[in-house]
Structures are given as structure tokens and as C-alpha cells.
Amino acid sequence: TLMQDGFNSSMEKLRKGESPVIESGHIMIIGYTEQTTALLQELCTAHKNSGGTSIVVFSDTHTKSEMDAGIVAAEVQTMGAMIVTRCGKPHSRSDLRHVAAHTAKTVILLPKIEEEMDSRDAFMLRTLIILRGQGWPFNGRIVAVCSVIRNYKLFQDVGGDVTDIVMV
């Protein structure tokens with residue numbers, strides 16, 4: 001009975017996405033938006049010839065089951081890629097470590113398009129400060145979306161030479 005309870009507990013943690021991500025060299029997307037599934041498809045297609053890659057989608061506004069259902073509904077063709085979804089706060093160092101942000105090859109910060117542009121940039125900058133304050137990713141790059149042109153220099157200063165800033 002104890003073995004069965006332990007196994008059931010472990011399986012429940014996996015279903016809820018509570019287990020830590022044990023990947024390195026993966027692509028991490030922070031923020032689940034309407035554009036995420038299209039981005040996932042592009043990433044899967046880009047890595048098709050190498051047999052796929054690991055992609056972690058991390059959100060503070062959607063549950064694991066919502067993200068999984070959205071990916072299935074969008075009919076994302078993984079082409080050998082492995083897509084993992086997790087929930088948590090992108091401003092939490094422990095949550096970012098839980099999804100292995102420190103060992104990612106690429107971290108992509110997606111803004112919440114429905115928010116005001118200044119709020120989007122504030123969210124992006126806050127997450128960027130947490131990542132860069134820890135020196136994360138150790139051997140990777142960050143792609144951050146900047147919405148307001150006057151914040152571009154600030155994004156560059158905070159992100160440093162490992163961050164690529166994209167203007168919407």
C-alpha cells in the first residue's frame with residue numbers, strides 16, 4: 001500500500017507539472033500567449049533535421065492542463081521535439097530554477113499583448129532583471145520583446161551582451 005501511495009503521489013505530481021524540469025540546453029518560453037503555439041510550431045520545424053529539441057513553456061496565468069490543451073488544439077507537430085509545460089511566477093528565482101532557466105540554451109520572454117505597452121515592458125524587465133541578476137542562463141541567450149522604443153536602451157543595459165531585444 002505504501003509503495004502504491006508513493007507511486008500515485010509521484011504520478012499526480014507529474015500530471016500537475018510539479019516535478020522539476022531536468023533538462024539542459026533546452027529552449028524556454030516564459031509566457032503563454034495566443035502566439036505561443038505558432039512559435040512552438042516554428043521551433044519544432046527549425047529543429048526537425050537535428051531530431052528535435054526540448055522546449056519548456058512556463059506561465060503564471062495558465063495552468064498546465066490549459067497549456068497542454070491549447071497545444072493539442074493547435075495541432076502542433078513536434079517533429080521529434082519534446083514540449084514540457086510548467087506553471088509558476090517568472091519573477092521567482094526558485095520557480096525559474098524549477099524550470100531549469102539556468103541551464104537553458106535560449107530563454108524567450110513573451111509579453112502579454114492584451115496589457116498596456118508600459119506594463120508589458122515592466123513585466124519583461126522584471127523577469128530580465130531576475131535572470132541576469134543570477135547570471136542565467138549560464139551558457140545561453142535571452143530573447144526579450146520590448147514594446148516601447150524609449151525602453152530599448154534600458155533593455156540593452158539590463159540584458160547585457162547575452163540578450164537580443166526584439167521590438168514589436
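Just so you know, these numbers come straight off a predicted model, no measurement behind them.

(A) Highlighting the sheet that holds strand β3 (residues 82-87). Strand order in this open sheet of six strands is β3-β2-β1-β4-β5-β6, and the pairing throughout is parallel. Unpaired on one side and paired on the other, β3 and β6 (163-167) mark the two borders of the sheet. Each neighbouring strand pair of the sheet contributes to a mean axis angle of 20 degrees, computed without reference to strand direction. The sheet contact formed by strand β4 (residues 106-109) and strand β5 (residues 141-146) spans four bridges and is parallel.

(B) Focus on the nonpolar core. Among the nonpolar cores identified, the biggest contains 24 residues, and M28, I30, L96, V107, L109, L131 and F155 are the most heavily contacted of them. Within the residue set of this core, elements represented by two or more residues are β1 (27-30), β2 (54-59), β4, α5 (117-133) and β5. The element best represented in this core is α5, accounting for five residues. Not counting residues up to four positions away in its chain, the partners in contact with V107 are M28, I30, A101, L131, P137, R141, I142 and V143. If you look at the next biggest cluster of nonpolar residues, it comprises 14 residues, including C44, V57, M67 and I71.

(C) Highlighting the pairing of β4. What you see with β4 is no split at all: T106 and I108 on one side and V107 and L109 on the other are buried throughout. Both β1 and β4 contribute to a ladder of four bridges, which runs parallel. Note that in β4 the partner of I27 across the bridge is T106. Handedness of the crossover joining β4 and β5 through α5: right-handed.

(D) Broad picture of unusual backbone geometry. For the bond running from W136 to P137, omega is -15 degrees, close enough to zero to count as cis. Here P137 is to be found in the loop between α5 and β5. A positive phi angle is found at M79, which is not glycine, with a value near 50 degrees. Inspection of the secondary structure assignment puts M79 in the loop between α3 (64-73) and β3. Within the chain, A100 stands out as a residue other than glycine whose phi angle is a positive 60 degrees. Of note, A100 is situated in the loop between α4 (93-98) and β4. Owing to a relative accessible area of 2%, A100 belongs among the buried residues under this scheme.

Cut-off values and rules
Residues numbered from 1 in each chain as written. Predicted model: local features only at pLDDT ≥ 70, side-chain atom pairs only at ≥ 80, totals over all residues. Heavy atoms only, no water. Pairing = 2+ DSSP bridges. Helix = DSSP H or I, 4+ residues; strand = E, 2+ residues; numbered from the N terminus. Axes fitted to C-alpha atoms, helices over the stretch in contact; angles between N-to-C directions. Core = buried A, V, L, I, M, F, W, Y, C linked by side-chain atoms within 4.5 Å. Buried < 20%, exposed > 50% of the residue type's maximum accessible area, 1.4 Å probe, protein only. Contact = heavy atoms within 4.5 Å. Right-handed = clockwise from strand over helix to strand, strands pointing away.

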